[in-house]
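# A look at the structure
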Amino acid sequence: MRITTTVNGTEHEVDDVWPGESLLYVLRERMGLPGSKNACEQGECGSCTVYLDGEPVCACLVAAGQAQGREVRTVEGLADGDRLHPVQEAFVECGAVQCGFCTPGLLIAAHDLLARVPHPSDLEIREALAGNLCRCTGYEKILDAVRLAADRQARS
Amino acid sequence: MGDSPLRPDGTLKVTGEFAYASDLWHDDMVWGVTLRSPHPHARIRRIDVSDALTVPGVTTVLTADDVPGDNAFGLEHADQPVLASEFVRYEGEPVALVAADHPETARRAAARIRVDYEVLPAVTDPLRAMDPDAPPVHRPGNLVRHLKLRRGDQTATAPVVVSLDFEVGMQDQAFLGPESGLAVPAEDGGVDLYVATQWLHVDQRQICLALGMEPERVRLHLSGVGGAFGGREDLSVHVHACLLALRTNRPVKMSYNREESFFGHVHRHPASMTYEFGAERDGTLVYARARTVLDGGAYASSTAAVVGNAGTLGLGPYRIPNVSVDAYGVFTNNPPCGAMRGFGCVQAAFAHEALMDELADAVGLDRVAIRQRNGMQEGDRNITGQVIDSAAPVAELLQIVADLPMPPERSAESDLRSLPGAVGNTTHGEGVVRGVGYAVTYKNIGFSEGFDDYSTARVRLEMTGGEAVATVHTAAAEVGQGLITVEQQICRTELGVERVVVHPKNTAVGSGGSTSASRQTYVTGGAVKAACEAVRAVVLERAAGLLGRPAGDLRLDGEKIVGLSGEVLTGLGEVLGDDAVEETVEWRHRPTHAIDPETGQGDAHVQFAFSAHRAVVDVDVELGLVKVIALDTAQDVGKAINPDAVVGQIHGGSAQGMGLALMEEIVVTDGHVRNPSFTDYLIPTILDMPPMQVKVLEYGDPHAPYGVRGVGEPPTISSGPAVAAAIRAATGKPLRRVPIRPEHITGT
Ligand code: FES
Ligand code: FES
């Protein structure tokens, strides 16, 4: 089947999509946007988190057909041209990135949290990111990064 | 050096541009999938692939008959078939391969391969497997290694005796980036493999044997690696992807899904341990006896070396004059086990630390004091008789964690969600009790027991656009730990140039050795340092010729050549001109030695690293739920080349140890894995992790480059036993098995 989806502001049209394919597969393998990661493809790890019409979802659980005519925003669409988004900047600066496989999903989840709750408490950060597994960092520096991004956003 | 520059791959990773192995893509590529055995043990009578070949879109189907070279690989012993031919020995063993134009097509075709199995009884109890009459998983028997260690008086007795049995379940590395690779057939008939791995050259050696090809034609390139933790030491997609690419003459991508990943790599060895300590009435250890059985699963992998660690380091960082240790690794029809962060020391630490607590209680000392009384110090001999010839701050590390501020007591105002299980609103704190636990460890760094453990670095210095540029080329794998940054830091320090390019990692340079055993900063760092020194010497030689002064009177300072009193004599650009200086150096640490087979005595290890943890837990004793409130640690890192990266390793390592204590286990019954998914194999989330206070000591090791001490593994070893001890302290239950499950806490 053919699917037309707006991804990061650009309309993408893809042909020959098999009905069993997930949005994640179509983004990664058919649209050439591998930024969203495929760690479990079971909705358990959050590595594939993207915005679908402004709502964070696990792209691995969305059938490609469900994205027809809708707006997707992925990690590739967070930066403003060459300028990193403050959340991205904070992740790099705080050492919240080790292997980085969890990072794209965490960035979307953190970005969404800060849009809803500009000054989250630690417990709010923890609850908001509880669906995103990270095997490398022990999460301490991820918390630091979200706090720093919140501070920066408040000041800008 | 000693500051924390941003990692060069950080920006790529936050923008989604960093190419992990599963992101690789090639025009015209096809997808490879693996058909795996559903049985833990069976004879293969016949394989019929004809049906699979008729599926539209399928390019090829391969079985053992299509392996051109040796149908065997393995890190230490080549005992594992590339594709099973006669027998399958564990559930999930690869049997056939399919390549097709879509991964789903390939999977559906694989399901249509008919394998006629004669199911055989499986040996799944490692203790039973050791019986002489147990059916052999391989001929001639089920023992992979028996390490026998005898020191001092074997008949020693003591007034205070404590003993216990302990069990550790099978943990998984659970790196997030799935096993993946892209094999591209080359014009010379060889193949280029882009793959996520920990050691390119050991992979290359095994792939060459299986393909029957010389190394020049099998070139490996490191792709982005999404975590490793030991799980990428053994081959996974490597040979399979190459076979398919060579057969189809098309680029082939393979990428496991999460379930297959649980079958596609080795796990941490489950362990059964029996430990006994004898001590004076004041708590001073007199003797220790230990027997450890590690379940190696169906193939050897690195079991022998894990047994080496579980034996030689198995009694912890304590002074014990009289010792008898037997450590065994055995074959079973369970999933193969091999390397995982902490490598044999993790299992042992649960036993010796639980027993130290018992001893403390028996002699009436507190749990920090008993460890300090027996903790080894610089100059002591360990249980293999090796002198600890650099700092051994066991007592100090314990004191540091004991003195760190405690988390606030719970009060009526505390957020309910911070109670164990209370995000689910299961309690208002009625049955919740708090406990505190301590643990300390030491771990060998680098490969031991006489292994030729080296790394190769090529450093090139040249002028590009009027600026000096250094290029570092090593084959050492960056798996997320930050090695690339460290290579840059060392090169900047040694050559004084700002621009340092780290060459992509591949087999076009000599081996960097494994990214494991916490060794890369030490060994590859040492190689980069040595190569920089060699480059510097050549540059100064050249400058000496130009200036007509002895090279010994010259120094390289930034991009200047300066004389003895610091006067600038000429610029680096003048000396180099258009002619780059390039040096390649193979660098080795001090040799280690095999241990005596009868006594287990010998200088087996090159370096030791020490860490201590204090855990504070709240336990709901009615529901059996645990919440770790604090997990604080102190570690001696010798010299922190990149302090932020060091602390990051300590956080992440501690989380993995805590995971094993509380929740992480591959459940295997009758040889079948019951929970191959992130739904059922639980790793700590951000809600499970407590805040951590981390204190870093820097007692330089005089024998190591810059004094560094390996960092990555110790936190994984001491954090778990501290958490387990805290739960025992809270509940008063012995809890002799990890992970500790709710039913262990609530049961009688
Ligand atoms: S890949 Fe989608 S949740 Fe894990
Ligand atoms: S940084 Fe590796 S999984 Fe999070």
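Keep in mind that what you see is a predicted model, and the values were worked out from it rather than measured.

This paragraph deals with the interface of chain A and chain B. Contact with chain A, which involves 48 residues of that partner, is made by 62 residues of chain B. Between chain A and chain B, a total of about 4400 Å² is buried, with carbon and sulfur atoms accounting for 60% of that surface. Contact with chain B buries area across many residues of chain A, yet Gln98, Arg126 and Arg135 of chain A alone supply 18% of it, more than any other trio. Two residues, Glu29 of chain A and Lys253 of chain B, come together in a salt bridge whose shortest N-O distance is 3.2 Å.

What follows covers helix α2 (residues 86-93) of chain A. Every buried residue of α2 of chain A is accounted for by Val87, Gln88, Ala90, Phe91 and Val92 of chain A. Where α2 of chain A is buried, its residues touch α3 (103-116) and α5 (140-155) of chain A together with α1 (10-15) of chain B. The positive-phi residue at the C-terminal boundary of α2 of chain A is Gly95 of chain A, with phi of around 70°.

Before going further, it helps to examine helix α12 (residues 483-495) of chain B. Residues that lie three or four places apart on an α-helix share one face, since the helix turns once every 3.6 residues. Residues and elements named next belong to chain B. The end-to-end C-alpha distance of α12 is 18 Å, a good match for the 18 Å that 13 residues give at a rise of 1.5 Å each. With eleven of its 13 residues buried, α12 lies for the most part within the structure. Within α12, the full set of buried residues consists of Leu483, Ile484, Thr485, Val486, Glu487, Gln488, Gln489, Ile490, Cys491, Glu494 and Leu495. Where α12 is buried, its residues contact β17 (454-464), β18 (467-473), β19 (499-502), α13 (520-547) and β20 (555-557). Within two residues after α12, Gly496 carries a phi angle of roughly 65°, on the positive side.

The next thing to look at is the sheet that holds strand β1 (residues 3-7) of chain A. Residue and element names in this part refer to chain A. Within the open sheet, the five strands sit side by side as β2-β1-β5-β3-β4. Their pairing is mixed. Where the open sheet ends on each side, the last strands, each with one partner, are β2 (10-14) and β4 (55-58). Taking the axes of each pair of neighbouring strands and ignoring which way they run, one obtains an average angle of 40° across the sheet. The strands touched by α3 are β3 (49-52), β4 and β5 (71-73); relative to β3, the strand with the most contacts, the crossing angle is about 45°.

This part takes up the sheet that holds strand β9 (residues 180-185) of chain B. All names here are of chain B. Read from one edge to the other, the open sheet built from seven strands follows the order β3-β5-β1-β12-β9-β10-β11, with strand pairing classed as mixed. Looking at strand neighbours, the two that pair on one side only are β3 (58-62) and β11 (218-222), the edges of this open sheet. The sheet shows a mean angle of 20° between the axes of neighbouring strands, direction not considered. Pairing geometry for strand β1 (residues 30-36) and strand β5 (residues 94-100), over six bridges, is antiparallel. Of the residues in β5, the one forming a bridge with Thr34 is Leu97. Its contacts with the sheet place helix α5 (residues 200-211) against β10 (191-195) and β11, and it is angled at close to 150° to β11.

All names here are of chain B. Taken as a whole, this structure holds 13 aromatic pairs over all chains when the rule is applied. Judged by centre distance (6.1 Å) and plane angle (80°), the rings of Tyr90 and Tyr299 are edge-to-face. Of this pair, Tyr90 sits in the loop between β4 (87-88) and β5 while Tyr299 sits in the loop between β14 (285-297) and α8 (303-312), and the two are 209 residues apart along the sequence. Exposure remark for Tyr90: the relative accessible area of 4% places this residue in the buried category. Note on Tyr299: relative accessible area 0%, which makes it buried.

Residues and elements named next belong to chain B. With an omega of 10°, the peptide bond between Arg139 and Pro140 qualifies as cis. Residue position: Pro140 is located in the loop between α4 (126-129) and β7 (143-151). Of note, the bond from Val738 into Pro739 is cis; its omega dihedral lies within 30 degrees of zero at -5°. By the secondary structure assignment, Pro739 is in the loop between β29 (737-738) and α17 (742-746).

For chain B, the mean per-residue pLDDT works out to 96, and 100% of the residues sit at or above 70. Scoring the predicted complex yields pTM 0.97 and, for the interface, ipTM 0.98.

All names here are of chain B. Across two bridges, strand β2 (residues 42-48) lies against β4 in antiparallel orientation. Paired with Arg43 across the strands is Phe87, a residue of β4. In terms of strand pairing, β2 meets strand β6 (residues 114-119) through six bridges, oriented antiparallel. In the sheet register, Arg43 faces β6, and the bridge partner there is Glu118.

This brings us to the packing of helix α9 (residues 345-363) of chain B against helix α16 (residues 714-731) of chain B. Residues and elements named next belong to chain B. Orientation of α9 relative to α16, taken along the N-to-C sense of each, is 40°, at an axis distance of 9 Å. By crossing handedness, the relation of α9 to α16 is classed as right-handed. Across the interface between the two elements, Cys345, Val346, Ala349, Phe350, Glu353, Ala354 and Asp357 from α9 touch Thr716, Ile717, Gly720, Pro721, Ala724, Ala725 and Arg728 from α16. In terms of residue class, the contact of α9 with α16 is built from nine nonpolar, two polar and three charged.

All names here are of chain B. Counting buried residues in strand β15 (residues 322-331) gives ten out of ten residues, a clear majority hidden from the surface. Residues Asn322, Ser324, Asp326, Tyr328 and Val330 line one face of β15 and the alternating positions Val323, Val325, Ala327, Gly329 and Phe331 line the opposite face, and both faces are buried. In this sheet, β15 lies alongside β7 in antiparallel orientation, the contact comprising eight bridges. Looking at β15, one finds that His146 is bridged to Tyr328. As defined by bridge partners, β14 adjoins β15 across ten bridges and the pair is classed as parallel. Bridge pairing in β15 links Leu294 to Gly329. Taken together, β14, α8 and β15 form a β-α-β motif whose crossover is right-handed.

Once that is clear, we can look at the packing of helix α10 (residues 367-374) of chain B against helix α11 (residues 394-403) of chain B. All names here are of chain B. The N-to-C vectors of α10 and α11 enclose an angle of 165°; their axes lie 8 Å apart at closest approach. Regarding the angle of α10 to α11, the classification is roughly antiparallel. Considering the relative orientation of α10 and α11, their crossing is left-handed. Of the residues in α11, those in contact with Val368, Arg371 and Gln372 of α10 are Val394, Ala395, Leu398, Gln399 and Ala402. Split by residue class, the contact of α10 with α11 holds five nonpolar, two polar and one charged.

A few words now on empty space enclosed by the protein. Residue and element names in this part refer to chain B. The full count for this structure, using the stated rule, is five cavities of 30 Å³ or more. Reported here for the largest cavity is a volume of approximately 220 Å³. Considering the residues around the largest cavity, the lining is formed by 18 residues, among which Phe73, Gln80, Tyr90, Leu235 and Gly264 are closest to the centre. Put simply, the parts of the chain that give the lining of the largest cavity at least two residues each are α6 (238-248) and α7 (258-264). Classifying every residue of the lining of the largest cavity gives ten nonpolar, six polar and two charged. Counted as a void, the second largest cavity has a volume near 60 Å³. In this structure, the second largest cavity is lined by Gln386, Val387, Ile388, Asp389, Ser390, Arg590, His605, Val606, Gln607, Phe608, Asp701 and Arg709. Here the residues of the lining of the second largest cavity sort into four nonpolar, four polar and four charged.

Conventions used here
Residues numbered from 1 in each chain as written. Chains lettered and ligands numbered in written order. Predicted model: local features only at pLDDT ≥ 70, side-chain atom pairs only at ≥ 80, totals over all residues. Heavy atoms only, no water. Contact = heavy atoms within 4.5 Å. Buried area = accessible area lost by both parts, 1.4 Å probe. Salt bridge = Lys/Arg side-chain N within 4 Å of Asp/Glu carboxyl O. Buried < 20%, exposed > 50% of the residue type's maximum accessible area, 1.4 Å probe, protein only. Helix = DSSP H or I, 4+ residues; strand = E, 2+ residues; numbered from the N terminus. Expected span 1.5 Å × (residues − 1). Pairing = 2+ DSSP bridges. Axes fitted to C-alpha atoms, helices over the stretch in contact; angles between N-to-C directions. Phe/Tyr/Trp six-rings, centres within 6.5 Å; stacked < 30°, edge-to-face > 60°. pLDDT = per-residue confidence, 0-100. Left-handed = near helix turned anticlockwise from the far one by under 90°. Nonpolar A, V, L, I, M, F, W, Y, C, P; charged D, E, K, R; others polar. Right-handed = clockwise from strand over helix to strand, strands pointing away. Parallel < 35°, antiparallel > 145°, perpendicular 65-115°, else oblique. 1 Å grid on protein atoms, 1.4 Å probe; cavity = no way out; pocket = protein on both sides within 12 Å on 5 of 7 lines; lining within 4 Å. Points joined across faces, edges and corners; volume = space filled by probe spheres on them.

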